[in-house]
Amino acid sequence: MTEVALKQPHTPRITVKDLARQLGMSVSTVSRAFYEDAVIAPKTRARILARAAELGYQPNPLARGLITKSSRIVGIVVSDITNPFYPEVLTRLTGKLQALDLNVMLVVTEPKRSEDETLRVLLSYHPDVVIILATTLSSASSDACRKVGTPVVFFNRYDASQRSYAVTCDNELGGRTVADHLIDLGHRRLAYVAGLPNASTNVDRWKGFHARCLERGVQAPLSSVGQEFSYAAGYAAAHGFLSSDEPPTALFCANDILAIGAMDAARRDFGLSIPDRLSVVGFDDIAMASWPSHDLTTVGQPMELMVERTVDLTLSLSRNDASQPALQRIPGKLVERSTTRAIDGRQ
């Protein structure tokens, strides 16, 4: 079989100079037609826009940004794209930003490229705002953003220096809620399956869980050595806990993917029935958590409200009318399913 390459005719890109020449107008007059608040006669604007549509001309947003000092670009930096929670967030977040005529530029940090390097590439496009999603940001990177006047918004994370804007679930309260739920069911040997050690989500969920156990007079819960928010990490952590002489009767996992890994290890390698022999709680309430094969008890993050707050904040920052940096914590809600149950006859 012979393949023949078909040559496609190349159509040169229409520029604002081409458009102005065809209309017999100055470049500045034509350019003003694409700005809603520019001073230009309505008939002239209509004529320019009609001809632009015929030719397929689109104004260059980067060039426009040099004039308006606003690129209308929102940069989103993400690393943990494999966690199903974040694609769900990205779908909602990008949709709402684009509905406001804001352009989204997504950059993914990779092991071979440092976060600082990734951010430098993003900043070269002069975004109005940078949203940090599912990653931490070094102090050097934060300073680089501030130096060029680009505000940073953390989603479901926050900067320990508290010099950036942040919108998160109240992770500490979520940890406390899980502790109360399991203790009320009669559990006394509790354990925490940790995620990424330096992630504020992991730190705060453990902090709330640990503190509430002590307040309720229960022995301090065990904790695995944090690695990452992954299925494999949850599987390995469950192995460690369940191989001990006195294994815990309940696991609180720092996210749903960890919990699913832990449940599979308990069932497959230890023959444990969930929740008869082991109760498991996750965090996030991703779509997968409600699947019948998992039916996971978890803390649901208020995703819609978190996205709305982030979009509102981003819009205010792009207009330079936001207040001082602040951390917004929004309470989540315990979603009870079939992976937890009472022990010792409690109901």
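If you're wondering where the values come from, they're calculated on a predicted model, not measured in any experiment. (Residues numbered from 1 in each chain as written. Predicted model: local features only at pLDDT ≥ 70, side-chain atom pairs only at ≥ 80, totals over all residues. Heavy atoms only, no water.)

K.L.:
Give a description of the environment of Thr168 that names residues and reports values.
P.N.:
One can find Thr168 in strand β5 (residues 165–169). Along the chain, Thr168 and Thr201 lie 33 residues apart, while their C-alpha atoms are 8.5 Å from each other. (Helix = DSSP H or I, 4+ residues; strand = E, 2+ residues; numbered from the N terminus.)

K.L.:
Go over the pattern of salt bridges, please, and point to the residues and values.
P.N.:
Considering all chains together, one arrives at twelve salt bridges under this definition. Among the salt bridges present, the one from Asp184 reaches Arg216, with a minimum N-O distance of 2.8 Å. A residue pair is termed long-range when its members are at least 10 positions apart, and Asp184 in helix α8 (residues 171–184) and Arg216 in the loop between α9 (200–215) and β7 (222–223) qualify at 32 residues. For Asp184, a relative accessible area of 44% translates into the label partly exposed. (Salt bridge = Lys/Arg side-chain N within 4 Å of Asp/Glu carboxyl O. Buried < 20%, exposed > 50% of the residue type's maximum accessible area, 1.4 Å probe, protein only.)

K.L.:
Outline the pairing of strand β10 (residues 297–300), listing residues and values.
P.N.:
The alternating pattern of β10 places Thr297 and Val299 on one face and Thr298 and Gly300 on the opposite face, and all of these are buried. Both strand β9 (residues 279–284) and β10 contribute to a ladder of four bridges, which runs parallel. The partner of Gly282 across the bridge, within β10, is Thr298. One ladder, built from three bridges, connects β10 with strand β12 (residues 333–335); its direction is antiparallel. In the sheet register, Gly300 faces β12, and the bridge partner there is Lys333. (Pairing = 2+ DSSP bridges.)

K.L.:
Outline helix α1 (residues 16–23), supporting the account with residue identities and numerical values.
P.N.:
Regarding α1, the residues found buried are Leu19, Ala20 and Leu23. Here the buried residues of α1 occupy an arc of 95° about the axis, which is enough to place them on one side. Away from its buried face by more than 90 degrees, α1 exposes Lys17 and Arg21. Turning to α1, the residues buried within the fold contact α2 (27–32) and α3 (42–55). (Arc of directions from axis to C-beta. Contact = heavy atoms within 4.5 Å.)

K.L.:
Quick one: what's the story with the nonpolar core, residue by residue and with numbers?
P.N.:
Residues Phe209 and Leu251 are the most contacted members of the largest nonpolar core, which totals 70 residues. Ranked by residue count, the leading element in this core is helix α11 (residues 256–270), at eight residues. Aside from chain neighbours lying at most four places away, what touches Phe209 is Gly175, Arg176, Val178, Ala179, Leu182, Leu190, Ala191, Tyr192, Pro221 and Phe252. (Core = buried A, V, L, I, M, F, W, Y, C linked by side-chain atoms within 4.5 Å.)

K.L.:
Could you give me a rundown of the environment of Ile257, with the residues and numbers involved?
P.N.:
Mapped onto the elements, Ile257 comes out in helix α11. The spacing of Ile257 and Ile286 is 29 residues in sequence and 8.8 Å in space, taken between C-alpha atoms. The contact partners of Ile257, leaving out residues within four places of it in the chain, are Asn83, Pro84, Phe229, Ser230, Tyr231, Ile286 and Met288.

Just geometry here; none of it tells us what the structure is for.
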